[in-house]
Amino acid sequence: MIIVAGSIEVDPGDRATFLGISAETVGLARSTVGCHDFAVSADPVESGRVNVFEAWEDRESLEAFRRGGPDDGLDSMILRTRVREFEVD
């Protein structure tokens, strides 16, 4: 299993928009074969922080989603990314 976890920093004024646009990606990921969980959520303490959690059956499923996932234009809103991948048994 592949776990993707961490946080994304956006301008606090952009966070609601970022999360709204991310909702489509969350829905698509959760309906993808091999996705066990996918969440993008507002941090309750830091107003510009967005928490990310993904759980995938295997690397192939994760990579297939990344290749075919939506181009939602969120990259321009990201100020900093602290996201890591972990392989677990």
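Residues numbered from 1 in each chain as written. Predicted model: local features only at pLDDT ≥ 70, side-chain atom pairs only at ≥ 80, totals over all residues. Heavy atoms only, no water.

Peer 1: Any details on the packing of aromatic side chains? Residues and values, ideally.
Peer 2: Summed over all chains, the structure comprises 3 aromatic pairs. The interplanar angle of 65° and the centroid separation of 5.8 Å between the aromatic rings of Phe38 and Phe65 together place this pair among those described as edge-to-face. Residue Phe38 is found in strand β2 (residues 35-42), and its partner Phe65 is found in helix α2 (residues 59-68); the two are separated by 27 residues along the sequence. With a relative accessible area of 5%, Phe38 lands in the buried category. With a relative accessible area of 11%, Phe65 lands in the buried category. These aromatic residues form a ring-pair network of at least three members: Phe38, Trp56 and Phe65. (Phe/Tyr/Trp six-rings, centres within 6.5 Å; stacked < 30°, edge-to-face > 60°. Helix = DSSP H or I, 4+ residues; strand = E, 2+ residues; numbered from the N terminus. Buried < 20%, exposed > 50% of the residue type's maximum accessible area, 1.4 Å probe, protein only.)

Peer 1: Describe in detail the sheet that holds β2, supporting the description with residues and values.
Peer 2: An order of β2-β3-β1-β4 is seen for the 4 strands of this open sheet, with the pairing classed as antiparallel. With partners counted over all chains shown, the strands left at the sheet margins are β2 and β4 (78-87), one partner each. Sheet twist, expressed as the mean angle between neighbouring strand axes with direction ignored, is 10°. In the sheet, strand β1 (residues 2-10) pairs with β4 via 9 bridges, with the strands oriented antiparallel. Across the sheet, the residue bridging to Ser7 is Arg82, located in β4. Contacts from helix α1 (residues 15-30) reach β1, β2, β3 (49-56) and β4 within the one sheet, and its direction differs from that of β2 by about 175°. (Pairing = 2+ DSSP bridges. Axes fitted to C-alpha atoms, helices over the stretch in contact; angles between N-to-C directions. Contact = heavy atoms within 4.5 Å.)

Functional significance is not addressed by these values, which are geometric in nature.
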